[in-house]
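Geometric and topological summary
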Amino acid sequence: MDASEARPTRLLERFTAEAGRVVPLEALWAHGSLALGDYRPGRSDLDLVALVGAPVTAPQRQRLEQLHRTLIADVPEAAGLHCSYVVRARLADAGRDHVTWAQSRLFERPVTPVTRRELTTGGLSLYGPGPAGLVAEVTDQELAEFVRGDLRDFWYPASARPALWLEDIWVDLGLLTLARASVTLREGRLITKGQALEVLTAWGAPAEVVRDIHHRRYGARPHQVSPPWRIRRGRLARTYVRAGIERTLASRPGP
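The structure contained in this document is the topic of the report that follows. (Residues numbered from 1 in each chain as written. Predicted model: local features only at pLDDT ≥ 70, side-chain atom pairs only at ≥ 80, totals over all residues. Heavy atoms only, no water.)

1. Concerning the packing of helix 5 (residues 113–122) against helix 6 (residues 140–158)
Following both chains from N to C, one finds helix 5 and helix 6 inclined at 140°, their axes separated by 9 Å at the closest point. As judged from the angle between their axes, helix 5 and helix 6 are oblique. Here Pro113, Val114 and Arg117 of helix 5 lie close against helix 6, whose contacting residues are Asp140, Glu142, Leu143, Phe146 and Val147. Along the lines of polarity and charge, the residues of the contact of helix 5 with helix 6 split into five nonpolar, no polar and three charged. (Axes fitted to C-alpha atoms, helices over the stretch in contact; angles between N-to-C directions. Helix = DSSP H or I, 4+ residues; strand = E, 2+ residues; numbered from the N terminus. Parallel < 35°, antiparallel > 145°, perpendicular 65-115°, else oblique. Contact = heavy atoms within 4.5 Å. Nonpolar A, V, L, I, M, F, W, Y, C, P; charged D, E, K, R; others polar.)

Encoded structure:
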C-alpha cells in the first residue's frame with residue numbers, strides 16, 4: 001500500500017480544522033510511521049506536532065481535551081492520534097515541556113531528540129510551513145545520549161518487571177525499541193518499525209516472538225493470544241530485551 005493511500009486524510013483534515021479553531025495554529029507536522037512511510041491504518045499511531053503562535057491557555061487546554069475526546073468517540077482511529085502543541089517562540093528550547101495529548105490524556109512533556117531528528121530529516125508537513133529551518137537540527141551526540149538514557153533509565157528497569165510483559169504493547173515496543181535504538185547508536189540513523197523487525201530477525205531474536213509482533217502490526221486480522229503463550233512470550237521478550245540493552249550500553253558509541 002502506498003503511504004499516501006494509507007494516510008487517514010479525513011481525520012487529519014478534521015483535526016487540523018478543529019485544532020485551528022482552538023489554538024493559533026501555524027503549522028502541523030507528522031513524524032513517526034506516517035512520515036516514514038510505515039503507517040498502518042488502525043494499528044499505527046499518528047504522531048503529530050502542532051506549531052502554535054501563543055502559549056496554550058487554561059480554557060484552550062479544556063477545549064483541546066474535549067476536541068480529542070470527541071474525535072475518538074466519532075473516529076476510533078483517533079485514539080492513536082498524539083499531538084504536542086509547541087509554542088513557536090519556545091521551539092528552540094529543547095528541554096521545555098509542551099502541552100501534549102497522548103494515551104487518552106492531556107499533559108506536558110518535551111519534544112524528544114528522536115522526534116526532532118525525525119522532523120528535520122523527514123518530517124511531513126500537513127499544514128503550513130514545513131519543519132525544515134524551524135526545528136533546530138539534533139547532533140549525533142545529543143541523539144545518542146537521549147537513546148542511551150532511554151534504554152538505561154526506562155527500558156532496562158522495565159525489563160525486570162515480568163507483569164508488564166504480559167501485555168502486547170510492552171512486547172511490541174520493547175523489542176522494536178531495542179532494535180531501533182541499537183541501529184541509531186551504531187549507525188546514527190533512524191529506522192522504521194518494519195525495518196526493526198528485519199533487524200531483530202537478523203540478530204536472532206526469538207523467531208516466534210518476532211512473528212507475533214509482525215502479525216499484530218501487518219497481519220490481515222488480529223489473533224488471539226492464549227494465556228500460556230502470553231506468559232512464555234513475555235519471558236522470552238523481556239529476557240531478550242534485557243540482555244540486548246546490557247550489550248548495547250556496554251558497546252562503544254558510534255558506528
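2. Some words on the nonpolar core
Counting residues in hydrophobic clusters, the biggest one holds 34 residues, and the most contacted among them are Trp165, Leu175, Leu200, Val209 and Ile213. Counting residues per element, the ones that place at least two in this core are helix 6, helix 7 (168–187), helix 8 (193–202), helix 9 (207–218) and helix 10 (227–250). The biggest single contributor to this core is helix 7, with nine residues. Discounting residues that sit within four places of it in the chain, leucine 200 has contacts with Leu175, Leu176, Ala179, Ala205, Val210 and Tyr240. Among the nonpolar cores identified, the runner-up in size contains 28 residues, and Leu12, Phe15, Val22 and Leu64 belong to it. (Core = buried A, V, L, I, M, F, W, Y, C linked by side-chain atoms within 4.5 Å. Buried < 20%, exposed > 50% of the residue type's maximum accessible area, 1.4 Å probe, protein only.)

3. Re the pairing of strand 4 (residues 98–102)
With respect to burial, strand 4 is a largely interior element, five of its five residues being buried. Note that strand 3 (residues 81–87) and strand 4 share three bridges and pair antiparallel. Directly across from cysteine 83, in strand 4, lies its bridge partner tryptophan 101. Where strand 4 meets strand 5 (residues 105–109), five bridges bridge the pair, whose relative direction is antiparallel. Bridging from a neighbouring strand, alanine 102 pairs with arginine 105 of strand 5. In this antiparallel pair of consecutive strands, strand 4 and strand 5, the connection spans two residues, and glutamine 103 shows a positive phi of 50°. (Pairing = 2+ DSSP bridges.)

4. Remarks on the packing of aromatic side chains
Tallied over the entire structure, the rule returns five aromatic pairs. Both rings, one in tryptophan 155 and one in tryptophan 170, keep their centres 5.5 Å apart while their planes meet at 70°; by these two values the pair is edge-to-face. Within this pair, whereas tryptophan 155 is found in helix 6, its partner tryptophan 170 is found in helix 7, the two being separated by 15 residues in sequence. On the basis of relative accessible area, tryptophan 155 is assigned to the buried category, the value being 7%. Ring-pair connections join several aromatic residues into one group, and the members of that group are Phe154, Trp155, Trp165 and Trp170. Lying over the aromatic face of phenylalanine 107, arginine 105 brings its terminal NZ or CZ to 4.2 Å of the ring centre. In this structure, arginine 242 packs its charged tip against the face of tyrosine 156, placed 4.0 Å from the ring centre. (Phe/Tyr/Trp six-rings, centres within 6.5 Å; stacked < 30°, edge-to-face > 60°. Lys NZ or Arg CZ within 6 Å of the ring centre and 35° of its normal.)

5. Focus: the pattern of salt bridges
According to the stated counting rule, one finds 17 salt bridges in the structure shown. For the salt bridge of aspartate 93 with arginine 96, the shortest nitrogen-to-oxygen distance reads 3.5 Å. Overall, the relative accessible area of 33% leaves arginine 96 in the partly exposed class. With its nearest N and O atoms 3.0 Å apart, the salt bridge here joins aspartate 153 to arginine 152. A network of salt bridges, in which partner residues are shared, links Asp168, Asp172, Asp212, Arg216, Arg230 and Arg233. (Salt bridge = Lys/Arg side-chain N within 4 Å of Asp/Glu carboxyl O.)

6. Comments concerning the sheet that holds strand 4
Sheet architecture is open: six strands sit in the order 5-4-3-2-1-6, paired in mixed fashion. The sheet is open, and its two borders are formed by strand 5 and strand 6 (124–127), each paired with just one other strand. Neighbour-to-neighbour, the strand axes of the sheet open up by a mean angle of 25°, direction not taken into account. Helix-sheet contacts for helix 5 involve strand 1 (25–31), strand 2 (46–52), strand 4 and strand 6, and the interaxial angle to strand 1 is about 95°.

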